[in-house]
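Structural features, examined
Letter by letter, the chains look like this.
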Amino acid sequence: MLTAEQNAELTRVGPGTPMGELLRRYWYPVAFTRQLDQFPVRRVRLLGEDWALYRTSDGGYGVVEEHCPHRRASLAYGVVEADGIRCGYHGWLFGRDGTCLDQPAEMDKTSFKDRVRARAGRAEELGGMVWVYVGPEPAPLPPRYDVYVMDGVRDFGHALLPCNWLQIMENAVDPHHVEWLHGRYFEFLGNRLGFEAPKSFQRRHIKVAFDEFEHGIIKRRLLEGHTEADDDWAIGHPLVFPYCMRVGGAGIDQMQIRVPVDDTTTWFVLYTVHAPEGARFEPQEAIPDYELPWRDEQGNHIVDYVEGQDIMAWVTQGPITDRTVEHLGKSDVGIAMLRKQFKQQLAAVAAGRDPIAVVRDPAANQRIDLPCEKNKFGAGADFALQWMNLGFTRYSPQLKDLLRLHTDAAEARAAAVGADV
Amino acid sequence: MSDVPAALPAGPSWFAGDAERHLLDAPKHCPHCGGRLAGHAGLVVEYWVADDRVFYCWCQACDWTGTVIQVERHVGHEAAG
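Residues numbered from 1 in each chain as written. Chains lettered and ligands numbered in written order. Predicted model: local features only at pLDDT ≥ 70, side-chain atom pairs only at ≥ 80, totals over all residues.

**Let's talk about the overall build of chain B**
Keep this limit in mind: Strands here are runs of E lasting at least two residues and helices are runs of H or I lasting at least four, both read from the DSSP assignment and numbered beginning at the N terminus. Remark: C-beta atoms are placed from the backbone, and a residue is labelled buried if 20 or more other C-beta atoms sit within 10 Å of its own, exposed if 12 or fewer do, or partly exposed between those counts. We call two residues in contact whenever the C-beta atoms placed from their backbones are within 7 Å.
A count of helices and strands for chain B gives 1 helix and 3 strands. Going from the N terminus to the C terminus, chain B shows its helices and strands as α-β-β-β. Here chain B, with 81 residues, has 20% of them falling under the buried criterion. Residue pairs in contact within chain B that sit at least 24 positions apart in sequence constitute 29% of those at least 6 positions apart.

Next comes the structure, spelled out in structure tokens:
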């Protein structure tokens, strides 16, 4: 349980708030590269502020505050030029650093444009998404976590959710929910609706553990029938501070991204790479991105797939979870640890230090490998098929190709074993 | 409302409606350095283990993290199973 003031401190992300200042120390994906390829400028919202994101003809990216400093029209309806973006209203041109380069209706010799500047952030492409940084300089590097740079077949599912990002992050340090939300509840639905829920999600948790590390918190679970040598305990998987969770298994690697759009909106992206051992794949010409349906026509949550169940649990807590009336148990100690980690990093920023998971060393940023189970829930290769058929991938336009990728890879592995024998 | 912790109701009656009262008997100072835990200076998160109320504490002043358990009765070993 928290006080109302503590809850506000941990959940308010706008400019000038303590959490807003902390979160502005990180890069965020705000669009798919595909979207800027199709049209070179779009409005994006991040941490309670609106921005115009654009791609110039040389392939570079820029991001400026949405409203033109001149008369406040939206630069998201601007003209993208080689050196910046020009307001569609009166033609003022702003460079990537926000410098005003042109005011066509003003006198040639005026110094007016030298005294006007648009707030600008930084924008870069990484792994099929466009990332922005809107915090203080010097900017850190966009972190090249393994999933973003590894080879494989990419697949992006996403949804814009009407709730605060923190309640989604608290789910990332809540191992027990799998056994119930994706186990018992899934089985209940399957029995009522006539499908078979995945058994591997139903295993009972014997114990859970949490370890802080330089990129967040590693979560471990010991499941019934398993030993501490099994991947779920020996390796685990991490919450990646402050807005991601690395997960995977059976040749699927995923970063669950939860971008804080504003206090009560989160962009949920399932950045997924399929690279099962033994698979053969060609470079992708285009990465499919698709929106996850999570409410039906009656407004009820769609809960017959894994992520739909998660979304139900996150959204039904309300726009911002009221933590003044919660009742935590010992199974929730990961949540207490996460709140502490946020408090520690709030203090670090207030003291002028970098918080954790801010990357500045290019040598260390070639590829940041994160710990993550391979044999998830002890389900072996079946985990991949269960995860795709009963998870968000069922909505993917390339579902059939992905299923074939995994079954072909399994056959190739089996053939290789046979050849060895 | 009384701010005396001893006035807290016991047992099942102390949930949501008594949330504010719960905050009254949360630790207010760090067991390690005595620094303030209340307000924005630290963090106290309460959770329950059976009958025990456990306060997970972090002190911003000395970075101490630990739990404080409010004790009604000391129980020694219990027979397994």
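**Concerning unusual backbone geometry**
Residue and element names in this part refer to chain A. A cis geometry characterises the amide bond from glutamate 137 onward to proline 138, with omega recorded as 0°. Within the fold, proline 138 resides in the loop between β10 (129–133) and α4 (146–149). Cis geometry is found at the peptide bond from phenylalanine 241 to proline 242, where omega equals 0°. Of note, leucine 47 is a non-glycine position whose phi angle comes to about 50°, a positive value. Of note, leucine 47 is situated in the loop between β2 (41–46) and β3 (49–55). One non-glycine residue, arginine 72, lies in the positive phi region at around 75°. Summarising the element assignment, arginine 72 is placed in the loop between β4 (61–65) and β5 (79–81). We classify arginine 72 as exposed; it has 11 C-beta atoms within 10 Å.

**Considering the interface of chain B and chain A**
We count it as follows: Three classes are used: nonpolar for Ala, Val, Leu, Ile, Met, Phe, Trp, Tyr, Cys and Pro, charged for Asp, Glu, Lys and Arg, and polar for all others, with Gly counted as polar. The criterion for strand pairing is that DSSP finds at least two bridges linking the strands in question.
Across the contact, 16 residues belong to chain B and 17 residues belong to chain A. Those elements giving two or more residues to the side of chain B that touches chain A turn out to be α1 (19–24), β1 (42–49) and β2 (52–59) of chain B. Examining the composition of the side of chain B that touches chain A, we find that 6 residues originate from one element, β1 of chain B, more than from any other. Of the residues that constitute the side of chain B that touches chain A, the class distribution is 11 nonpolar, 4 polar and 1 charged. Alignment of strand β19 (residues 328–329) of chain A against β1 of chain B, held across 2 bridges, turns out to be parallel. The residue of β1 of chain B that forms the bridge with leucine 328 of chain A is tyrosine 47 of chain B.

**A short note on the nonpolar core**
Residues and elements named next belong to chain A. Applied cut-off: By our criterion, buried Ala, Val, Leu, Ile, Met, Phe, Trp, Tyr and Cys residues that link up through C-beta atoms within 7 Å make up a nonpolar core. Domain ranges listed in this record stem from an automatic or a database domain assignment.
Counting residues in hydrophobic clusters, the biggest one holds 104 residues, and the most contacted among them are Val30, Leu46, Leu53, Val64, Val130, Val132 and Leu239. Sorting elements by how many residues they give to this core places helix α9 (residues 333–350) first, with 9 residues. Both domains that meet at this core, namely domain 1 (27–133) and domain 2 (146–420), each give it at least three residues. Aside from chain neighbours lying at most four places away, what touches valine 30 is Val44, Leu46, Leu53, Val130, Val132 and Val259. Among the nonpolar cores identified, the runner-up in size contains 18 residues, and Ala197, Phe201, Leu223 and Met388 belong to it.

**Quick word on the confidence of the model for chain B**
Residues and elements named next belong to chain B. Rule in force here: The pLDDT value expresses, per residue, how confident the predictor is, ranging between 0 and 100.
Averaged over every residue, the pLDDT of chain B is 77; residues scoring 70 or more account for 72%. Within chain B, no element has a lower average pLDDT than α1, which sits at 71, and none a higher one than strand β3 (residues 65–70), at 93. Long-range and interchain partners of residues 1–9, a stretch whose pLDDT sits below 50, account for 9 contacts in this model, where long-range means more than four residues apart. Note on the complex model: pTM 0.93, ipTM 0.79.

**Re the sheet that holds β3 of chain A**
Residue and element names in this part refer to chain A. Under the convention used in this document: The angle between two axes is taken between their N-to-C directions and runs from 0 to 180 degrees, where each axis is a line fitted to C-alpha atoms and a helix contributes only its stretch in contact.
Within the open sheet, the 3 strands sit side by side as β2-β3-β4. Their pairing is antiparallel. Looking at which strands have only one partner, the edges of the open sheet turn out to be β2 and β4. Direction aside, neighbouring strands of the sheet carry axes that sit 30° apart on average. Examined bridge by bridge, β3 and β4 share 5 bridges and lie antiparallel to one another. Bridge pairing links tyrosine 54 to glycine 62 in β4.

**Some points on the packing of helix α6 (residues 176–193) of chain A against helix α8 (residues 306–315) of chain A**
Residues and elements named next belong to chain A. Short version of the rule: Note on convention: the crossing is left-handed when the near helix lies turned anticlockwise from the far helix by less than a right angle, right-handed when the turn is clockwise.
Across the interface, α6 lies against α8 with an axial gap of 11 Å and an inter-helix angle of 115°. Crossing of α6 against α8: the hand is right-handed. Contact residues: His177, Leu181, His182, Tyr185 and Phe186 in α6; Val306, Gln309 and Ala313 in α8. Its residues assigned to classes, the contact of α6 with α8 shows 5 nonpolar, 3 polar and no charged.

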